[in-house]
Structures are given as C-alpha cells and as structure tokens.
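Inside the fold
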Amino acid sequence: MSHIQIAIDGPSGAGKSSLSKAVAKELGIIYVDTGALYRTVGFYARSIGIPSDKSEIARIVPHLGEINIEVKYENGVQCVYLNGENLGDRIRENEISMYASTVSAVPEVRAFLLDTQKDIARKNSVIMDGRDIGTVILPDADVKIFLTASCETRARRRVAELAEKGMPAAYEVVLSDIIKRDEQDSSRDVAPAIAAPDALHFDNSFDGFEAAKEALLTMIRKGLSEKGKEI
Ligand code: DC
C-alpha cells in the first residue's frame, strides 16, 4: 500500500503540533514539524549576526550553502540537526519565532527546504504540519486540514507552552507577536499561509484537547476511507 499523507496547515498556536503528534501516535505514522526547519535556518541567521527584520533577512541567501539540515526520528521524536548538532528546544525561543517568520518569506529559503520535506513524505507515512503543506509540499495529500483558533486562545496556549519549557514570556508580547506573524505569514508573496481549496476546516478554539483529538481523528479516518486508505 502506498504511503499515507496527511497535511495540517494553519497559524502558530492553533494546536497543530500537539494534535498532530497525538494523531501520529494513534495512527502509527510519523509526525513532521516543518516549522522546525524554518526555525533552524532562522537560528543560523542569528548566529552569524543577521538581524531578523524583513529588510535585512535576505542576507541569509548567500549563506544557505553553509547550512546542512538533517531530520532524524529518535524514539518517535523529530530531532533537527544543524551542521551535525541537535538544536533541541533552542529553536523554540520567542526571538527565533520571529526569525522563522521573516526567513520563511524568502523564496530561496523555501526552495532550499523543499526537497527535505518532500523526501520525508516519499519515504514514510506522515502527518506533516506547517503553512504550505496542502498547497505546495504535498498538493496530493490524502487528507488536508486547515486548523485555526482565535488569536487570544493561541496566545494563552503559547504562554503556557513557553513557561513549561522554562522560557517565560508576557501574554501581551506573545499576543502582539502572533498578530504580527499572522499578518507576515499570510500576506507574503511566496507560499502564503492560506488554506488549500480542498482543505477541511477545523476550529480548535473551544474544545478540550481530548475532544479535539477525537474529532480530528474522525475527520482524518473519514477522509482516508474516502481515498480507499483504511488505517
Ligand atoms: O509552526 P512554527 O510556529 O514553528 O513556524 C515558524 C515559522 O515558520 C512561522 O512563522 C511560519 C513559518 N513556516 C512556514 O512558512 N512554512 C511552514 N511549512 C512552516 C512554518
């Protein structure tokens, strides 16, 4: 049987990664976090002193050849290696979120990361989350879902997530960053973060995690069975 491809797109903090991880576990497939790849490029840009501003970030382009990114799965957990080093949670910092957002609007960066993403889906059954998975990376995915939640819900979740990781941030700062990133991500010229025309919409503002997970699983199983791909 051919591999299964499930594409999950939507803004940050909508719950894509926690829900996708849970679904992956339930279905016995791999969860691929593509935001981590943009974060890794952003991390490298900062390490060589390039500012994250929109007007400066294209200075990363001549340096892309210095970047080697490898994605490995260790005990089912995705690890991203930058030039041989596992960056772990260092790519989760708030400052790196802003770097990832501006760096991801650079067409050369998107082209640079394209094959890495397609390759993983060629070799494995995946649930892959990001912004352009259903539109650009896996346009023939078996199921496409656009996951959203209100800005306030997303900011609250992100504050809790950062606190848990020992990187506390103020709600107001996180909320205004989220609004700014949404604007940047959805209005950029290349691969804007918008729903594929054939994506199913899922609003994750209200339900608790378990209810949302079950509802998403039902949606995915139905979509797969319509493609003749029971799991
Ligand atoms: O999902 P995330 O918050 O870790 O993503 C970080 C940034 O990378 C986000 O601002 C948008 C960008 N991104 C993207 O443009 N395309 C993807 N497939 C994944 C993330």
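Our structure's up above, just so we're on the same page.
In this report, the structure presented in the accompanying data block is examined.

Parameters at a glance
- Residues numbered from 1 in each chain as written.
- Predicted model: local features only at pLDDT ≥ 70, side-chain atom pairs only at ≥ 80, totals over all residues.
- Heavy atoms only, no water.
- Near = heavy atom within 4 Å.
- Polar contact = N/O pair within 3.5 Å; in protein donor to acceptor, adjacent residues only side chain to side chain.
- Areas by Shrake-Rupley, 256 points an atom, 1.4 Å probe, with all protein chains shown as cover.
- Helix = DSSP H or I, 4+ residues; strand = E, 2+ residues; numbered from the N terminus.
- Nonpolar A, V, L, I, M, F, W, Y, C, P; charged D, E, K, R; others polar.
- Axes fitted to C-alpha atoms, helices over the stretch in contact; angles between N-to-C directions.
- Parallel < 35°, antiparallel > 145°, perpendicular 65-115°, else oblique.
- Left-handed = near helix turned anticlockwise from the far one by under 90°.
- Contact = heavy atoms within 4.5 Å.

**Things to note about the site of the ligand**
As a matter of local geometry, the ligand sits amid 15 residues, with Thr34, Arg39, Arg110, Arg131 and Arg188 nearest to it. Interatomic distance of 3.0 Å between a side-chain N/O atom of threonine 34 and a nitrogen atom of the ligand. Between the ligand and the protein, one listed contact pairs an oxygen atom with a side-chain N or O atom of arginine 39 at 2.6 Å. Summarising the interface, the protein chains cover 96% of the accessible area of the ligand, which totals 450 Å² for the free molecule. Mapped by element, the contributors of at least two residues to the shell around the ligand are helix H2 (35-47), helix H3 (94-103) and helix H7 (171-187). With three residues, H2 is the largest single contributor of residues to the shell around the ligand. Class assignment of the residues belonging to the shell around the ligand gives a composition of two nonpolar, six polar and seven charged.

**Structural notes on the packing of helix H1 (residues 16-27) against helix H8 (residues 209-226)**
Where H1 meets H8, the closest approach of the two axes is 10 Å, and the angle between their N-to-C directions is 60 degrees. One finds that H1 runs oblique with respect to H8. Both H1 and H8 take part in a crossing whose hand is right-handed. Every residue of H8 that contacts H1 at Ser18, Leu19, Ala22, Val23, Glu26 and Leu27 is listed here: Phe209, Ala212, Lys213, Leu216, Leu217, Ile220 and Arg221. The residue inventory of the contact of H1 with H8, partitioned by class, reads nine nonpolar, one polar and three charged.

Fair warning: the whole summary comes from geometry, so function is off the table for now.
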